Each structure stands twice: as structure tokens, then as C-alpha cells.
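Descriptive analysis of the structure
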Amino acid sequence: MKIYRYLLDVVKKKGAGYLVLVDPDTRRGDDLAIFVDRLNGSGVDAVLVGGSLLVDSSFQECVRIVKEHSDIPVIIFPGSVKQVSGDADAILFISLISGRNPYYLFGEHVIAAPMIKRLGLEVISTGYMLVESGRMTTAEYISNTKPLPSDKPEIAMAHALAAQYMGMKMVYLEAGSGADRSVPEEMIKSVKSYIDIPVIVGGGIRTPEDARKKVMAGADFVVTGNILNDNDNIDLIREFAEAVHFKKRG
Ligand code: 1GP
């Protein structure tokens, strides 16, 4: 549990962690290598690699490049069983607990488990919850599940607690990539106060101020993806990291 312990340590030392998502369809080759070089030393705590739907990319090649260039842990955030690679440091073993599609609750996992064992990847079991965010997201469409209503925190709380009782190590509140609306602070606050495992929040976070608000509400980790693809600006990475780490001591 080296990477999981590292993540817990980040929260302890910095108040919260900043994770950057690399979508293999968006960056590849030299462009990807340069991007990862920029993440090093910018205050990012780990790189996530994955996507709900990969159209024209090589996942294996993407993870290999990210790992080759990254000074920080590389964690797979898989959209499907095809997104497994021994080059990563760990994998979020995601169960889509907000939905009732058995395939994404426990189907792909059975296929992936022997592969993950063979590769010796660290597994971080994660309860993944899609939260309604304005319009249909790719994750919602592909998984054929309904997201949780964003104005009913009590439903999210019950799901998160059930995940904890099932022995999961984290919960992930996901508005969806490029979401119109990110996960509401009210929901983050309610979930965080109800469970003892770390809460990851992602989807539709576009400014450092947004990221800071998520941490103030109780997020242990904030994930951004698209915004850093739309802005090739190294300062923005630092600004996000500072906003997420605002509780850092010393
Ligand atoms: C990670 O899917 C998100 O949880 C990433 O979302 O691309 O909107 O930042 P964005």
C-alpha cells in the first residue's frame, strides 16, 4: 500500500492533494512528455491516466511515456478493463457505486483482477459516484447509469458510507469530464462529515478558486483534467496546486 500511504501522507502534510488527469486521447508523444515534465515540480501530487472512452490512442504507450517522465506517482484511473498497465504505480480499482449496472459494479473487476495481480500493481479500491452536473456526460452515457441527484446530499452520503462499510479505501465524487457544473460544496461537506475514508472530487473544476472551495468543503483530493489541456500555462498548474494546498502547514 505504498501509494495509498503516500496519498494519506499528502493529505496529512498539505491538507489536501492535487491530482492531474491525463486523457490518452488528448495528449500523446512529445506533447505528452513535455506536459508531464511541467507537472514535475509544480506542486502536483500524482498523475491520473485514463478516460471513459478512448477513441484513437494507445493506453499502454501513454502510461509508458507518463511514467518515464514523471517524478510523482502515476495512478491509473480506468474507464474500462482495457486500461491496465504494469508501468503505472497503482490503479484506482473503481466500482461505479452510484449506478446499478452490474458490469461496472463488479463485472469488469473480475476480468481485470488476475491481470492486475500478474502485473503486481498496487490496488486502491474506490467507490466511484457520478453526480448530476447539467447535461449527460460521457461516463454516464458509456456506463448506462443514472448519476446521483446533485441536490440530494443524503443519497450521496448513504452511498459513500456503504462504500466504506464494503472496505473501499476512497470515494470519488465525479461530475464528469468537462461538466457544466462541478460537484456542489454542500454535497462534499455532507459526504466528508459522514465517512472516515478520503474523498476525491473531480469534473468541471475550471479555476484555482473552484478547487479551493472544494477543499474548504472537505475534499481530500481535487482532480482537474480539461482545463490544463485548454490552457498551456505552467503558472496555472502552480496556482491550482497552491489553491488545493492552502491548508499546508509551514
Ligand atoms: C476527473 O473527469 C474529471 O474526475 C476531469 O474532469 O476534465 O472536467 O477537469 P475535467
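Overview of the structure. Values in this document were obtained by computation on a predicted structure and should not be read as measured data.

Quick notes on the rules
- Residues numbered from 1 in each chain as written.
- Predicted model: local features only at pLDDT ≥ 70, side-chain atom pairs only at ≥ 80, totals over all residues.
- Heavy atoms only, no water.
- Helix = DSSP H or I, 4+ residues; strand = E, 2+ residues; numbered from the N terminus.
- Polar contact = N/O pair within 3.5 Å; in protein donor to acceptor, adjacent residues only side chain to side chain.
- Contact = heavy atoms within 4.5 Å.
- Near = heavy atom within 4 Å.
- Nonpolar A, V, L, I, M, F, W, Y, C, P; charged D, E, K, R; others polar.
- Buried < 20%, exposed > 50% of the residue type's maximum accessible area, 1.4 Å probe, protein only.
- Pairing = 2+ DSSP bridges.
- Expected span 1.5 Å × (residues − 1).
- Arc of directions from axis to C-beta.
- Axes fitted to C-alpha atoms, helices over the stretch in contact; angles between N-to-C directions.
- Core = buried A, V, L, I, M, F, W, Y, C linked by side-chain atoms within 4.5 Å.

Details of the side chain of S85
- Mapping S85 onto the fold places it in the loop between β3 (74-76) and β4 (90-96).
- Here the side chain of S85 touches D87 through a polar contact of 3.1 Å, landing on its backbone nitrogen.
- Those residues in contact with S85 that lie beyond four places of it in its chain are F59, Q60, V63, I76, L119 and L121.

Digging into the site of the ligand
- Around the ligand, the structure places 13 residues, and the nearest of them are Y172, E174, G178, G225 and N226.
- Between G204 and the ligand, the recorded distance is 2.8 Å, taken from a backbone N or O atom to an oxygen atom.
- Residue assignment for the shell around the ligand shows that the elements contributing at least two residues are β6 (170-174) and β8 (221-224).
- Residue composition of the shell around the ligand, by class: 3 nonpolar, 9 polar and 1 charged.

Here we look at the pairing of strand β1 (residues 17-22)
- Most of β1 sits inside the fold, with 6 of its 6 residues counted as buried.
- Judged by which residues are buried, β1 turns out to be covered on both faces: G17, L19 and L21 on one side and Y18, V20 and V22 on the other are all buried.
- Bridge count for β1 against β8 is 4 bridges, and the pairing is parallel. The residue of β8 that forms the bridge with L19 is V223.

Quick look at the environment of A88
- Secondary-structure assignment places A88 in the loop between β3 and β4.
- Judged by its relative accessible area of 8%, A88 falls in the buried class.
- For the pair A88 and V66, spaced 22 residues apart in sequence, the C-alpha separation works out to 8.7 Å.
- Excluding its chain neighbours within four sequence positions, the residues that come into contact with A88 are V63, V74, I76 and L121.

A look at helix α1 (residues 2-14)
- Helix length check: α1, at 13 residues, gives a terminal C-alpha distance of 18 Å against a target of 18 Å (1.5 Å per residue), a fit within 8%.
- Every buried residue of α1 is accounted for by I3, Y4, L7, V10, V11 and K14. Relative to the axis of α1, the buried residues are bounded by an arc of 120° and lie together on one face. Of the exposed residues in α1, the ones pointing more than 90 degrees away from its buried face are K2, R5, K12 and K13.

Things to note about unusual backbone geometry
- Phi at N144 is positive, roughly 55°, even though this residue is not glycine.
- Structurally, N144 can be placed in the loop between α5 (138-143) and α6 (153-165).
- Classification of N144 by relative accessible area gives exposed; the value is 65%.

Focus on the sheet that holds strand β2 (residues 46-49)
- On the basis of which strands lie adjacent, the closed barrel formed by 8 strands has the order β1-β2-β3-β4-β5-β6-β7-β8 and parallel pairing. Across the sheet, the mean angle separating the axes of adjacent strands is 30° when strand polarity is ignored.
- Of the pairings in the sheet, the one linking strand β5 (residues 122-130) to β6 comprises 5 bridges and is parallel in character. Considered in β6, the bridge of M129 is made with L173.

A word on the nonpolar core
- With 62 residues, the main nonpolar core has Y18, V66, V171, L173, V191 and L228 as its most contacted residues.
- Residues contacting V171, with those up to four places away along its chain left out, are T126, G127, M129, A160, A163, V191, I195, I197, P198, V199 and I200.
- Core analysis: the next-biggest nonpolar cluster, separate from the first, contains 24 residues, I3, L7, L48 and F77 among them.

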